Amino acid sequence: MLVLVILGCIACGNDKKGNLTISGNIDGLKEGTLFLQKIQDTTLVTIDSLVVNGDAHFTFNTTIEEPEVLYFYLSKKDFNDLNDRVEFFAEPGEMTFNTTLRRFVKDAKVTGSNNQKDLVTFKEYMTKYNTRELMLLRDGMDAQKEEDTKTVIEINDKIARYAKSRMQYILNYAITNGDKEISPYVVTTETYDANSRFLDTIYKRLTPKIAASKYGKKLKDLVEKRKVEETK
């Protein structure tokens with residue numbers, strides 16, 4: 001039954017009309033299936049899919065109620081499911097998605113969305129923080145093996161400062177971009193350990209339109225959830 005559902009989706013995918021058209025190419029891909037996906041509630045679901053057999057140019061037509069994060073997932077016959085899903089911020093209109101088979105994620109270029117431009121910049125900045133923290137964790141593990149207590153303490157202090165700096169960057173970024181959908185999105189995905197006061201400060205700085213958006217509502221729910229957790 002599942003196979004029939006998937007095949008049916010593939011067969012009718014490109015006949016759909018909507019307010020979002022995504023076209024592009026996966027250079028080097030000869031055979032595989034490209035899936036357009038989104039998070040619905042807490043589940044990753046497939047919106048549409050397309051079988052590639054020789055020509056890796058594609059077009060998807062779908063409808064989104066507002067700007068939201070979608071995913072392209074490539075299933076290819078190499079028995080490797082790693083690094084084949086690309087996150088991007090979609091907006092109604094025309095968008096392009098181009099990449100290569102060899103570096104599906106790293107070579108991905110998405111145009112046609114202002115939120116996507118901001119997301120790429122934000123992710124690049126977060127990568128710098130994450131890389132530095134990983135290096136410190138590695139140094140801390142080495143110091144523990146050598147039973148160098150002084151160095152372990154120093155590294156833990158550095159990690160704490162980095163975490164605080166990272167959180168401050170997200171706070172400033174979200175407040176500065178309170179009129180964009182990306183603001184509540186990055187907060188709900190990057191501040192898993194933030195307290196309710198931090199989250200509430202950001203939520204109150206959102207414009208009414210963004211506060212009422214998909215990710216604005218998620219941020220509001222997160223604020224309420226965190227408040228409940230903090231009273232236990």
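Rules behind the numbers
Counting from 1, residues in each chain are numbered in the order their sequence is written. With the structure being a predicted model, the display of local features is reserved for residues of pLDDT at least 70 and the display and counting of side-chain atom pairs for 80 or more, all residues being used for whole-chain, interface and lining totals. Each side-chain value is derived from all of the structure's non-hydrogen atoms; neither hydrogens nor water enter the calculation. Convention adopted: a line fitted to C-alpha atoms gives each axis, helices being fitted over their contacting stretch, and angles between N-to-C directions are expressed from 0 to 180 degrees. Secondary structure is summarised from DSSP: a helix means a run of H or I of at least four residues, a strand means a run of E of at least two, and numbering begins at the N terminus for each. Any angle between 65 and 115 degrees counts as roughly perpendicular, while under 35 counts as roughly parallel, over 145 as roughly antiparallel, and the rest as oblique. Each crossing is labelled by how the near helix is turned from the far one, with a counterclockwise turn of less than a right angle marking it left-handed and a clockwise turn marking it right-handed. A contact between two residues is defined here by any heavy atoms of the two lying within 4.5 Å. Confidence of the predictor in every single residue is expressed as pLDDT, which spans 0 to 100. At least two bridges found by DSSP between two strands is the condition for calling them paired. By salt bridge we mean one thing: a side-chain nitrogen of Lys or Arg within 4 Å of a carboxyl oxygen of Asp or Glu. Each residue's exposure class comes from its accessible area (1.4 Å probe, protein chains only) as a fraction of the maximum for that residue type: buried when under 20%, exposed when over 50%, partly exposed otherwise.

**Topic: the packing of helix α3 (residues 149-176) against helix α4 (residues 182-190)**
Helix-helix packing: each pair is described by the crossing angle between the helix axes and the interaxial distance. Running from amino to carboxyl end, α3 crosses α4 at an angle of 160 degrees, the nearest separation of the two axes being 9 Å. Relative to α4, the element α3 lies roughly antiparallel. Crossing handedness for the pair α3 and α4: left-handed. Residue-level inspection shows Arg166, Ile170, Tyr173 and Ala174 of α3 in contact with α4, the latter providing Ile182, Ser183, Val186, Val187 and Glu190.

**Observations regarding the packing of helix α5 (residues 196-204) against helix α7 (residues 214-231)**
One way to put it is that α5 packs onto α7 with a least axis distance of 9 Å and a crossing angle of 155 degrees. As the angle between them shows, α5 and α7 are arranged roughly antiparallel. In the packing of α5 onto α7, the handedness of the crossing is left-handed. Taking contact as the criterion, the partners of Ser196, Leu199, Asp200, Ile202 and Tyr203 in α5 are, on α7, Gly216, Leu219, Lys220, Leu222, Val223, Arg226, Lys227 and Glu230.

**Side note on the confidence of the model for the protein**
The predicted model of the protein averages 88 in pLDDT, with 90% of residues at 70 or higher. The model gives residues 1-15 a pLDDT under 50, and that stretch makes 14 contacts with residues more than four places away or in other chains.

**Things to note about the sheet that holds strand β8 (residues 109-111)**
Sheet architecture is open: four strands sit in the order β4-β1-β7-β8, paired in mixed fashion. Only two strands of the sheet have a single neighbouring strand rather than two, namely β4 (57-62) and β8. Here the average twist between neighbouring strands, direction ignored, is 15 degrees. In this sheet, strand β7 (residues 93-100) lies alongside strand β1 (residues 20-27) in parallel orientation, the contact comprising eight bridges. Along β7, the bridge assignment pairs Gly24 with Phe97.

**Focus: the pattern of salt bridges**
Under the defined criterion, the tally for this structure stands at nine salt bridges. In this structure, the salt-bridge partner of Glu68 is Lys214, at a minimum N-O distance of 2.7 Å. Taken together, the positions of Glu68 in strand β5 (residues 68-76) and Lys214 in helix α7 put the pair 146 residues apart, joining distant regions of the chain. Glu68 sits in the buried class, given a relative accessible area of 7%. A relative accessible area of 22% means that Lys214 is categorised as partly exposed.

**Thoughts on the environment of Val51**
Along the chain, Val51 falls in strand β3 (residues 43-53). In sequence terms Val51 and Glu31 are 20 residues apart; their C-alpha atoms lie 7.6 Å from each other.

**Considering unusual backbone geometry**
Its identity as a non-glycine residue notwithstanding, Asp41 has a phi of 60 degrees, on the positive side. Residue position: Asp41 is located in the loop between β2 (31-40) and β3. For Asp41, a relative accessible area of 67% gives the class exposed.

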